[in-house]
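Structural description and commentary
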Amino acid sequence: MSITRRSNTFDPFSLDLWDPFDGFPFNHSLFSTPRSSPSLSFPSDTSAFAAARIDWRETPEAHVFKADLPGIKKEEVKVEVEEGNVLQISGERTRENEEKNDTWHRVERSSGKFVRRFRLPENAKMDKIKAAMENGVLTVTVPKEEVKKPEVKSIEISG
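What counts as what
Residue numbers here run from 1 along each chain, matching the order of that chain's written sequence. Reporting in this predicted model follows two pLDDT cut-offs: at least 70 for local features of residues, and 80 or more for side-chain atom pairs to be given and counted; totals over whole chains, interfaces and linings ignore these cut-offs and use all residues. By convention in this description, side-chain values take in all heavy atoms of the structure and omit both hydrogens and water. Pairs were defined over the aromatic rings of Phe, Tyr and Trp, the Trp ring being its six-membered one, requiring ring centres within 6.5 Å. Orientation was assigned from the angle between planes: stacked under 30 degrees, edge-to-face over 60, tilted for the rest. Each helix corresponds to a stretch of at least 4 residues labelled H or I by DSSP, and each strand to a stretch of at least 2 residues labelled E; elements are numbered beginning at the N terminus. Per-residue accessibility, obtained with a 1.4 Å probe over protein chains only, is compared with the maximum for each type, and a residue is labelled buried under 20%, exposed over 50%, and partly exposed between these values. Whether two strands pair depends on DSSP finding at least two bridges between them. Here a polar contact is taken to be a pair of N or O atoms separated by no more than 3.5 Å, where protein atoms must pair a possible hydrogen donor with a possible acceptor and residues adjacent in sequence count only if both atoms sit in side chains. Contacts are assigned to residue pairs with any non-hydrogen atoms lying within 4.5 Å of each other. Among buried residues, those of type Ala, Val, Leu, Ile, Met, Phe, Trp, Tyr and Cys that are joined through side-chain atoms within 4.5 Å constitute a nonpolar core. We define a salt bridge as a contact between a side-chain nitrogen of Lys or Arg and a carboxyl oxygen of Asp or Glu at a distance within 4 Å.

A few points about the packing of aromatic side chains
One pass over the structure, following the stated rule, counts three aromatic pairs. Between the aromatic rings of W56 and F118, the centroid separation amounts to 5.8 Å while the plane-to-plane angle is 80°, which identifies the pairing as edge-to-face. With W56 in strand β1 (residues 54-58) and F118 in strand β5 (residues 112-119), the pair connects residues that are 62 residues apart, well separated along the chain. Overall, W56 belongs to the partly exposed group, its relative accessible area being 25%. Ring plane angle 45° and centroid distance 5.1 Å describe the contact between F65 and F118, whose orientation is recorded as tilted.

This is the structure we're talking about:
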């Protein structure tokens, strides 16, 4: 995969880098359960992808990403930087074991793999990225380069 920039404008919502739905089967409804089938129907990987909700905010000092990942251990999550400026957050939520004697009435929690990618702006310090997981919330902090203020020199007016 290669990154092609179409302009000098940074667009955090641009999908020209990665199609999040590429490779996912959408030929069935995520919420449908076959009533005639005695076997349990679990949500697909697509619903797990959709369940990885991430907020991205920018402060004067950093870009801060917060992901709600309840029930996932920090060992099951990967935070990586690809191709220089693409932040990737991925992981897998495993499905509970299905017991033969159990009767399931509803399955709403998703399981499967999730991947989210974000193109970071040029002012991000890639070598200073930090990640922390607390109470099921992953926080990734990407510090920003300090903006150098232009030096202003006063010129004395003679005459």
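Alright, that's what it looks like, and here's the rest.
Quick look at the pairing of strand β7 (residues 137-143)
Burial analysis of β7 places five of its seven residues in the buried class, the great majority of the element. Inspection of the sheet shows strand β2 (residues 62-68) paired to β7 by seven bridges, in the antiparallel sense. Looking at the pairing, F65 lines up with V140 of β7. The antiparallel pairing of strand β6 (residues 130-134) with β7 creates a hairpin that spans two residues between the two strands, and N135 there sits at a positive phi of about 55°.

Regarding the side chain of Q88
Mapping Q88 onto the fold places it in strand β4 (residues 86-93). Its relative accessible area of 7% is what places Q88 among the buried residues. Engagement of the side chain of Q88 in a polar contact is seen with the side chain of R117, the distance being 2.6 Å. Those residues in contact with Q88 that sit more than four places away from it in its chain are K78, V79, E80, E82, V115, R116 and R117.

Some points on the nonpolar core
Membership of the largest hydrophobic core comes to 16 residues, with the highest contact counts inside it found for F65, L69, I89, L138 and V140. Elements with a contribution of two residues or more to this core: β2, β4, β5 and β7. Looking at this core, the element that brings in the most residues is β7, giving three residues. Each residue touching I89, except ones within four places of it in the same chain, is listed here: I54, V77, K78, F114, V115, R116, L138 and V140.

Remarks on the pairing of β6
With five bridges joining them, β6 and β7 adopt antiparallel strand pairing. Bridge pairing in β7 links A132 to T139.

Concerning the environment of E80
Here E80 shows up in strand β3 (residues 77-82). By relative accessible area, which is 28% here, E80 ends up partly exposed. Along the backbone, E80 and S90 are 10 residues apart, and their C-alpha atoms lie at a distance of 8.5 Å. With residues up to four places along the chain from it excluded, the contact list for E80 reads V86, L87 and Q88.

Some thoughts on the pattern of salt bridges
The final tally for this structure, using the stated rule, is two salt bridges. The partner of E58 in a salt bridge is K144, with the nearest N and O atoms 2.7 Å apart. Taken as a pair, E58 in strand β1 and K144 in the segment after β7 lie far apart in primary sequence, 86 residues in all. A residue is classified by how much of its surface remains accessible, and E58, at 52% relative accessible area, is exposed. Between E82 and R117 there is a salt bridge, with the nearest N and O atoms lying 3.7 Å from each other. Here E82 is found in strand β3, whereas its partner R117 is found in strand β5, with 35 residues between them in sequence.

Read these as geometric descriptors, not functional statements.
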